[in-house]
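Breakdown of the fold
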Amino acid sequence: MALITIQNLSLGYDSHAFVENLNLSVNEGDYLCIVGENGSGKTTLMKTLLRLQQPVSGQILMGDGLKKNEIGYLPQQTIVQKDFPASVKEIVLSGCQGRCGLRPYYNKAEKQLAATNMDRLGILPLKDHCYRELSGGQQQRVLLARALCATQKVLLLDEPVAGLDPKVTSEMYELIAMLNQEGITIIMISHDIAAAVRYASHILHIGTEIFYGTREEYLESDAGKLFRSEMEGMR
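1. So, the overall build of the protein chain
What the protein chain contains, in helices and strands, is ten helices and nine strands. Relative to the compact-globule value of 18 Å for 235 residues, the protein chain shows a C-alpha radius of gyration of 18 Å, a close match. Projected onto the principal axes, the alpha-carbon positions of the protein chain cover approximately 50 × 45 × 35 Å. Looking at the 235 residues of the protein chain, the share that counts as buried comes to 47%. Across the protein chain, every contact between residues at least 6 apart in sequence was considered, and the portion connecting residues at least 24 apart equals 68%.

2. Remarks on the packing of helix 5 (residues 108–120) against helix 6 (residues 136–150)
Between two packed helices, both the angle of their axes relative to each other and the distance between the axes serve to describe the pair. Across the interface, helix 5 lies against helix 6 with an axial gap of 9 Å and an inter-helix angle of 135°. One finds that helix 5 runs oblique with respect to helix 6. Our pair here, helix 5 against helix 6, has a crossing hand that is right-handed. The residues of helix 6 that touch helix 5, namely those facing Leu113, Ala114, Asn117, Met118 and Arg120, are Ala145, Leu148 and Cys149. Of the residues assigned to the contact of helix 5 with helix 6, the class counts are six nonpolar, one polar and one charged.

3. What to know about the nonpolar core
Counting residues in each nonpolar core, the largest one holds 47 residues, and the members touching the most others are Leu144 and Leu155. Among the elements of the structure, strand 3 (31–36), helix 3 (88–93), helix 5, helix 6, strand 6 (154–158), helix 7 (166–181), strand 7 (185–189) and helix 8 (193–199) are those that each provide at least two residues to this core. Those residues in contact with Leu144 that sit more than four places away from it in its chain are Leu74, Leu121, Leu155, Leu157, Met172, Leu175 and Leu179. In this structure, Leu32, Met46, Leu50 and Ile71 belong to the second largest nonpolar core, which totals 24 residues.

4. Some points on the sheet that holds strand 2 (residues 16–27)
Spatial strand order, 2-1-4: three strands in an open sheet with antiparallel pairing. Edge positions in the sheet fall to strand 2 and strand 4 (57–62), since each of these pairs with one other strand and no more. When the angles between neighbouring strand axes are averaged without regard to direction, this sheet yields 15°. The pairing of strand 1 (residues 2–13) with strand 2 spans eight bridges and is classified as antiparallel. Within strand 2, the position partnered with Ile4 by the bridge is Val26.

5. Let's talk about the sheet that holds strand 8 (residues 202–206)
As summarised here, the arrangement of the six strands in space is 5-6-7-3-8-9, forming an open sheet in which the pairing is mixed. Pairing within the sheet leaves two strands with one partner each, and these edge strands are strand 5 (71–74) and strand 9 (211–214). Each strand of the sheet is rotated relative to its neighbour by a mean of 15°, with strand direction disregarded. Bridge count for strand 3 against strand 8 is five bridges, and the pairing is parallel. Its bridge partner being in strand 8, Leu32 is matched across the sheet by His202. Strands strand 3, strand 6 and strand 7 of the sheet are contacted by helix 7, whose axis makes an angle of about 150° with strand 7.

6. Some details on the packing of aromatic side chains
All chains considered together, the criterion is met by two aromatic pairs. Ring centres of Phe211 and Tyr218 lie 5.5 Å apart, and the angle between their planes is 55°; on these two criteria the pair is classed as tilted. Owing to a relative accessible area of 17%, Phe211 belongs among the buried residues under this scheme. When its relative accessible area of 0% is taken as the criterion, Tyr218 is described as buried.

Here is what the cut-offs are and how they apply
The written sequence of each chain sets the order in which its residues are numbered from 1. Local features in this predicted model are restricted to residues of pLDDT 70 or higher, and side-chain atom pairs are both shown and tallied only at a pLDDT of 80 or more, whereas totals for entire chains, interfaces and linings draw on every residue. With hydrogens and water stripped out, all remaining heavy atoms of the structure feed into the side-chain values. Strands are runs of DSSP state E lasting at least 2 residues, helices are runs of H or I lasting at least 4, and numbering of each runs from the N terminus. Radius of gyration means the value over C-alpha atoms here, while the globule rule gives 2.2 Å times the residue count to the 0.38 power. Under the scheme applied here, a residue whose accessible area is under 20% of the maximum for its type counts as buried, over 50% as exposed, and between as partly exposed, the area being computed with a 1.4 Å probe on protein chains only. What makes two residues a contact is simply this: any of their non-hydrogen atoms within 4.5 Å. For helices, the axis comes from a line fit to the C-alpha atoms of the stretch in contact; other axes are also lines fit to C-alpha atoms, and the angle between any two N-to-C directions lies between 0 and 180 degrees. Any angle that falls under 35 degrees is termed roughly parallel, while one over 145 is termed roughly antiparallel, one within 65 to 115 roughly perpendicular, and all others oblique. Each crossing gets its hand from how the near helix is turned against the far one by less than a right angle, where anticlockwise is left-handed and clockwise is right-handed. Three classes are used, and their members are as follows: Ala, Val, Leu, Ile, Met, Phe, Trp, Tyr, Cys and Pro are nonpolar, Asp, Glu, Lys and Arg are charged, and the others, Gly among them, are polar. Each nonpolar core is a collection of buried residues, namely Ala, Val, Leu, Ile, Met, Phe, Trp, Tyr and Cys, held together in the definition by side-chain atoms within 4.5 Å. Following DSSP output, two strands are said to pair if at least two bridges run between them. We call Phe, Tyr and Trp rings a pair once their centres come within 6.5 Å, taking the six-membered ring for Trp, and we label the pair stacked below 30 degrees between planes, edge-to-face above 60, and tilted otherwise.

Written out as structure tokens, the structure is:
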């Protein structure tokens, strides 16, 4: 069943579209990687999916009862965020805010959910540590646990491995793949086309031309063939 359906979507600013007539569906259990050149509209698309920005035209439909506050989001980190002076537990718990409504406190179930997600991502022993004292990889796990407190359905990830070393990058990709295998639908922006081809079930390539299809279809497309040629040239 389609969780998200994009129909004739055009993205841009001040009525000027730089991505036009985008059509695709994201089904339950999909792992969609959004790739393309810098400035091609990847982050704009993600902001539009989150209703943080209005499209120039077209629409985004939510299916299977999916609500806006049931989408977990891991944005790109800023320098300020990396230096945030809160504990790991406090940051992860803040992902439950959408569940609280007007209630000004976290209940027992929400605290248990936060603990479960910290344990799930291997950071429960760090729960009382200050976030800004953690390594980059640990910080990303904290933010991923926070996003998981907001959803059991869909995760939107904007360059989740940016700035991480190769070992931690590999660990993060495996962690995301594990969450997908557990049933969470993944929509991820990535500059790493090799990883997209390895892990994703579907790929959206935004550029001069737009491609959307399965990983196998991507490798046979013009954009995918260019990637294959580059990889073969590096061997």
